[in-house]
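A closer look at the structure
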Amino acid sequence: MSTHLQPVNALSVAAANRRGIFWMLFAVFLFVSMDGIAKTLSQSYDVAQIVWARYTFHVLIMVALLNLRLPALLHTRRLPLQLFRSLMLLVTTSLFFLGISHIPLAEAAAVMLAVPLIVTALSMPLLGEPVGIRRWTGVFLGFAGALIIIRPGSDIFDPATLYVLAAACTNGLYHINTRQLSQSESPMTTLTYSALVGMIVMFFVVPFFWTTPDFWGWVGLISIGAIGGASHFCIIKAYQAAAAAVVAPFNYSNILWATFYGFLLFGDLPDGFTVLGAAILIASGLYVFYREQKKQAASQ
C-alpha cells in the first residue's frame with residue numbers, strides 16, 4: 001500500500017495534475033528560452049562567459065531571495081556526490097551551449113531527447129536497477145533515432161552535433177546522481193549546490209574569455225541566470241503538484257519551442273531527417289517511460 005497521502009476526491013487530483021502540467025510546460029518553455037538567448041549571445045561572447053553568467057546570476061538571485069537560509073541549505077550528508085552532480089550539470093551546460101553556437105536549436109533539442117534513454121541504460125550498472133528486454137529495445141530504437149538526426153559520415157554531418165550528444169550523456173549522469181540524492185537530500189540543497197559549484201568553477205575560467213558586455217549584453221547575461229534558476233524552481237513545483245507519470249512526458253514539448261525559437265530568431269527549420277529522428281526518440285522515450293511506470297505499479 002502506498003504511504004503517500006491521497007487526494008480527497010477526483011476533482012482535487014485533476015486540479016493537481018493540471019497545476020503540475022502547467023509548471024512542467026512553463027519550465028520547458030523557460031529552458032528553451034534560455035537556450036535561445038544563449039545562442040544569440042554566442043554570436044558576440046565566448047561560450048565560457050555565457051556559462052559563467054548562467055550560474056553566477058543564478059546564485060546572486062538565490063542569495064537575494066533566500067538571504068539567511070543559504071548557509072542552512074549548504075548542509076549535506078553526501079558532499080562528494082553533490083559536487084560530482086554539480087560538475088556534470090556544468091559540463092552539460094558548457095557542451096550544450098557550445099553545440100548550439102554552431103547548430104540549429106531544434107537539431108540540438110532533438111539530440112537531447114536521448115537523455116531519458118541514456119538514464120535508462122545507465123540505471124542498471126550505476127543504480128543496480130534491472131532493465132528488461134522491452135526497455136532495452138526502446139533504448140536501442142531511440143539511439144537509432146539519434147543517429148538519424150546526427151547522420152555521421154554524411155555530407156551534412158556537423159561535428160558540433162557531437163558536443164550536444166556528449167551533453168546528453170553527461171546530462172544522463174546528472175539525472176542518475178539526482179535520483180541518488182533525492183533519497184536523502186532536499187531539492188533546494190541540491191539546487192543550491194548546482195548553481196554554486198558552477199559559479200565557483202567558472203569564476204576561474206571566465207577571465208581568459210572575457211569580453212566587456214554592452215547594455216543589451218548585460219541584459220542577456222543576467223536573463224540567462226534568472227531564467228535558469230526559475231526553470232529549476234518550476235520543475236520542483238511540477239513534481240510537487242503531480243506524479244512523475246503525469247508531468248514527465250511534457251518534457252518533450254521542448255522540441256516544439258526549440259523549433260519555434262529557431263525559426264523566429266535564426267530562420268532555422270528542422271529537415272525531414274531531424275523530424276523523423278525526433279519522432280523515433282519521443283516514441284522510444286515514452287515507451288520506456290511507460291514500461292518503467294508499469295514495473296513500479298506492479299511492485300507496489
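This report concerns the structure included in the present document. (Residues numbered from 1 in each chain as written. Predicted model: local features only at pLDDT ≥ 70, side-chain atom pairs only at ≥ 80, totals over all residues. Heavy atoms only, no water.)

**Quick notes on the overall build of the chain**
- Helices and strands together make up the secondary structure of the chain, namely 13 helices and zero strands.
- Counting from the amino terminus, helix and strand elements in the chain follow one another as α-α-α-α-α-α-α-α-α-α-α-α-α.
- For the chain, the C-alpha radius of gyration of 19 Å lies close to 19 Å, the compact-globule estimate for 300 residues.
- On the principal axes, the C-alpha backbone points of the chain span a range of 60 × 55 × 40 Å.
- The long-range fraction of contacts in the chain, counting pairs at least 24 apart against all pairs at least 6 apart in sequence, stands at 90%.
- Entry remark: accessible area of the chain is about 15,200 Å², with carbon and sulfur atoms responsible for 71%. (Helix = DSSP H or I, 4+ residues; strand = E, 2+ residues; numbered from the N terminus. Rg over C-alpha atoms; globule rule 2.2 N^0.38 Å. Contact = heavy atoms within 4.5 Å. Areas by Shrake-Rupley, 256 points an atom, 1.4 Å probe, with all protein chains shown as cover.)

**Looking at the packing of aromatic side chains**
- As enumerated under the stated definition, the model contains 16 aromatic pairs in all.
- Where Trp 52 meets Trp 210, the ring centres are 5.3 Å apart and the plane angle is 85 degrees; that geometry is what we call edge-to-face. Note that Trp 52 is positioned in helix α2 (residues 47–66) and Trp 210 in the loop between α9 (187–205) and α10 (215–241), a separation of 158 residues in sequence.
- Between Trp 257 and Tyr 261, the ring centres sit 6.5 Å apart and the planes meet at 35 degrees, which makes this aromatic pair tilted. Taken as a pair, Trp 257 and Tyr 261 lie in helix α12 (residues 254–266) at a separation of four residues, close to a single helical turn.
- Assessed through its relative accessible area of 13%, Tyr 261 is described here as buried.
- Among the aromatic side chains, those forming a connected cluster through ring pairs are Phe 22, Trp 23, Phe 26, Phe 29, Phe 233, Trp 257, Phe 260 and Tyr 261.
- Its end group placed over the ring of Phe 266, Lys 39 keeps NZ or CZ at 5.2 Å from the ring centre.
- Here Arg 54 stacks its cationic end above the ring of Tyr 55, 4.8 Å away from the centre of that ring. (Phe/Tyr/Trp six-rings, centres within 6.5 Å; stacked < 30°, edge-to-face > 60°. Buried < 20%, exposed > 50% of the residue type's maximum accessible area, 1.4 Å probe, protein only. Lys NZ or Arg CZ within 6 Å of the ring centre and 35° of its normal.)

**Concerning the side chain of Ser 231**
- With respect to the helices, strands and loops of the structure, Ser 231 is situated in helix α10.
- Looking at Ser 231, the relative accessible area reads 0%, which means it is buried.

**So, a nonpolar patch on the surface**
- Judged by side-chain polarity, Ile 200, Phe 203 and Phe 204 come together as a nonpolar surface patch covering roughly 350 Å² of accessible area.
- Within the secondary structure, Phe 204 is located in helix α9.
- On the accessibility criterion, Phe 204 (58% relative accessible area) is exposed. (Patch = residues over 30% accessible without salt bridge, like charges linked within 9 Å, V, L, I, M, F, W, Y side chains within 5 Å. Salt bridge = Lys/Arg side-chain N within 4 Å of Asp/Glu carboxyl O.)

**Let's talk about the packing of helix α6 (residues 115–127) against helix α7 (residues 133–150)**
- One way to put it is that α6 packs onto α7 with a least axis distance of 9 Å and a crossing angle of 135 degrees. On the basis of the axis angle, α6 is oblique to α7. Along this stretch, α6 crosses α7, giving a crossing that reads as left-handed. Facing α6, whose interface residues are Leu 117, Ile 118, Thr 120, Ala 121 and Met 124, α7 presents Arg 135, Trp 136, Gly 138, Val 139, Gly 142 and Phe 143.
- Per-class residue counts for the contact of α6 with α7 are seven nonpolar, three polar and one charged. (Axes fitted to C-alpha atoms, helices over the stretch in contact; angles between N-to-C directions. Parallel < 35°, antiparallel > 145°, perpendicular 65-115°, else oblique. Left-handed = near helix turned anticlockwise from the far one by under 90°. Nonpolar A, V, L, I, M, F, W, Y, C, P; charged D, E, K, R; others polar.)

**Structural notes on the nonpolar core**
- Ranked by size, the top nonpolar core spans 66 residues in total, and within it Ile 50, Phe 96 and Phe 97 carry the most contacts.
- In terms of nonpolar packing, the next biggest core, distinct from the first, is built from five residues, Val 59, Met 62, Leu 66 and Ala 195 among them. (Core = buried A, V, L, I, M, F, W, Y, C linked by side-chain atoms within 4.5 Å.)

Any functional reading would require information beyond the geometric quantities listed.
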